[in-house]
Amino acid sequence: MKTIHSQEPTTLSTWSQLILLAAALGLPLAAFLSPNAGAQVVRPGMPAGARSLSIRVESVSGFVRYSRNGRFRRLTRDSRLTERDTIVVQIGSTCKLQFRHPVTNAILSAVILTGFSEMTVSKAYLQEQQTQTVLLLPQGVIRAGVVRTAVPPSFRVRTPRTVVAVRGTEIREIEASNDRGDIVRMGVVGEIEVSDDVPLF
């Protein structure tokens, strides 16, 4: 396990974090300020007192599908994703996802997937004021931004070889490749932990 500290301080205001996150992911700032409350969802198998995050599709270009219960569907902006859904992005395609607070509907994190990529939402819930998000990336390219909250979030991206944990910063890019291994490019705010104990096959 290697811990990497950035040279920048982690004392940015919430407003500054929202501006940086919106700029990094190409999202309109207004999308982070929605006053509407999201639905409160509790799914089987989640810890007691936990509520699912709302996963919204911000944009889709090209051919993107998602799998639920073994059945593939075309991903559109009207799709509502949940834990255990798998998103498959074809070559030349892109999708942007937002993970929102189940009560306030505020954006907590956002990701961009570009083809050819496959990602499964392993965990996405709020428990005792802390968000837990785990994304499995067997292959492909992902960018992510995480808003630092009063209770630091737990946000992890797992590949077959690497685990990248982020607490209020930006994953500029993770490229997971069976042939070339993993390439991780981080932003400049916050702290990350990278575990590469799993051997490259």
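Up top is the structure.
The following refers to the structure shown. (Residues numbered from 1 in each chain as written. Predicted model: local features only at pLDDT ≥ 70, side-chain atom pairs only at ≥ 80, totals over all residues. Heavy atoms only, no water.)

### As for the overall build of the protein
Counting its regular elements, the protein contains one helix and 15 strands. Residues counted as buried form 47% of the 201 residues belonging to the protein. Contacts in the protein between residues at least 24 apart in sequence constitute 53% of all its contacts with a sequence separation of at least 6. (Helix = DSSP H or I, 4+ residues; strand = E, 2+ residues; numbered from the N terminus. Buried < 20%, exposed > 50% of the residue type's maximum accessible area, 1.4 Å probe, protein only. Contact = heavy atoms within 4.5 Å.)

### Quick word on empty space enclosed by the protein
Under the criterion given, the structure shown has one cavity of 30 Å³ or more. L53, L108, S109, T131, T133, V146, P153 and F155 are the residues that line the largest cavity. When residues of the lining of the largest cavity are traced back to their parent elements, those giving at least two are β9 (107-127) and β10 (130-146). The dominant element in the lining of the largest cavity, judged by the number of residues it contributes, is β10, at three residues. Among the residues forming the lining of the largest cavity, the class breakdown is five nonpolar, three polar and no charged. (1 Å grid on protein atoms, 1.4 Å probe; cavity = no way out; pocket = protein on both sides within 12 Å on 5 of 7 lines; lining within 4 Å. Points joined across faces, edges and corners; volume = space filled by probe spheres on them. Nonpolar A, V, L, I, M, F, W, Y, C, P; charged D, E, K, R; others polar.)

### Quick look at the pairing of strand β7 (residues 86-89)
Residues T86 and V88 of β7 are buried on one face, and the alternating residues I87 and V89, pointing to the opposite face, are buried as well. Here strand β4 (residues 64-68) pairs with β7 via four bridges, running antiparallel. Pairing of R65 across the sheet is with V88, part of β7. Pairing of β7 with β9 involves four bridges; the strand directions are antiparallel. Residue pairing in the sheet places I87 in a bridge with M119 of β9. (Pairing = 2+ DSSP bridges.)

### Topic: the packing of aromatic side chains
Aromatic ring pairs are reported here in terms of the distance separating the ring centres and the angle at which the planes meet. Taken as a whole and assessed by the stated rule, the structure comprises zero aromatic pairs. Geometry around F72 places R65 over its ring, the cationic atom sitting 4.1 Å from the centre. (Phe/Tyr/Trp six-rings, centres within 6.5 Å; stacked < 30°, edge-to-face > 60°. Lys NZ or Arg CZ within 6 Å of the ring centre and 35° of its normal.)

### Details of the environment of V121
Mapped onto the secondary structure, V121 falls in strand β9. The class of V121 is buried, set by a relative accessible area of 0%. Sequence spacing of V121 and D85 is 36 residues, and the spatial spacing of their C-alpha atoms is 5.7 Å. Setting aside anything within four residues of it in sequence, one finds V121 in contact with I55, T82, E83, R84, D85, I87, F99, V134 and L135.

Bear in mind that shape data such as this cannot, by itself, settle questions of function.
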